[in-house]
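# What the coordinates show
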Amino acid sequence: QVQLVESGGGLVQPGDSLRLSCAASDGSFSRYAMGWFRQAPGKERDWIATIRWMGGTTSYADSVKGRFTISKDTAKKLVYLQMNSLNPEDTAVYYCAATSTVVSAWPLARHYNYWGQGTQVTVSS
């Protein structure tokens, strides 16, 4: 079983950058692809991006392309989400998750097997 722990959230100002980290536990994590989602109060959980451990294939939601970058450090078992030019609409709880599904299903939260506890990101002046 894969355990995931997010970190790096906090309060930032509009225009700032922030990097989130997701630590994967020992286990068969390399079999999975790792995704980032976010959920704002009263809204559904939205997919942001996913990266495959093996090979590094990535995919992004159109809403974050050009501003957010997903990356990984396989040796450290870490997945990152670099977020630039943050705005108040980016305020949400950010979750990392692991999936074994096909690339076309990466945007769908129901296909993710394991989830972290989430980290709060607040963008406010």
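This text follows the structure it describes.
Residues numbered from 1 in each chain as written. Predicted model: local features only at pLDDT ≥ 70, side-chain atom pairs only at ≥ 80, totals over all residues. Heavy atoms only, no water.

### Observations concerning the state of the cysteines
As enumerated under the stated definition, the model contains one disulfide in all. Each sulfur in the disulfide pair Cys22 and Cys96 lies 2.0 Å from the other. Here Cys22 and Cys96 share a disulfide; its torsion about the S-S bond, 55°, makes the bridge right-handed. Of this pair, Cys22 sits in strand S3 (residues 18-24) while Cys96 sits in strand S9 (residues 92-99), placing them 74 residues apart in sequence. Taking the relative accessible area as the measure of exposure, Cys22 reaches 1% and is therefore buried. (Disulfide = S-S within 2.5 Å. Helix = DSSP H or I, 4+ residues; strand = E, 2+ residues; numbered from the N terminus. Buried < 20%, exposed > 50% of the residue type's maximum accessible area, 1.4 Å probe, protein only.)

### Considering the pairing of strand S5 (residues 45-52)
In this sheet, S5 lies alongside strand S4 (residues 33-39) in antiparallel orientation, the contact comprising seven bridges. What sits directly across from Gln39, in S5, is Arg45. Counting the residues between successive antiparallel strands, the hairpin from S4 to S5 contains five residues, one of them, Gly42, with a positive phi of roughly 75°. The sheet contact formed by S5 and strand S6 (residues 58-60) spans three bridges and is antiparallel. Following the sheet pairing, Thr50 is matched in S6 by Ser59. Linking two consecutive strands that pair antiparallel, namely S5 and S6, is a turn of five residues; a positive phi of about 95° is found at Gly55 within it. (Pairing = 2+ DSSP bridges.)

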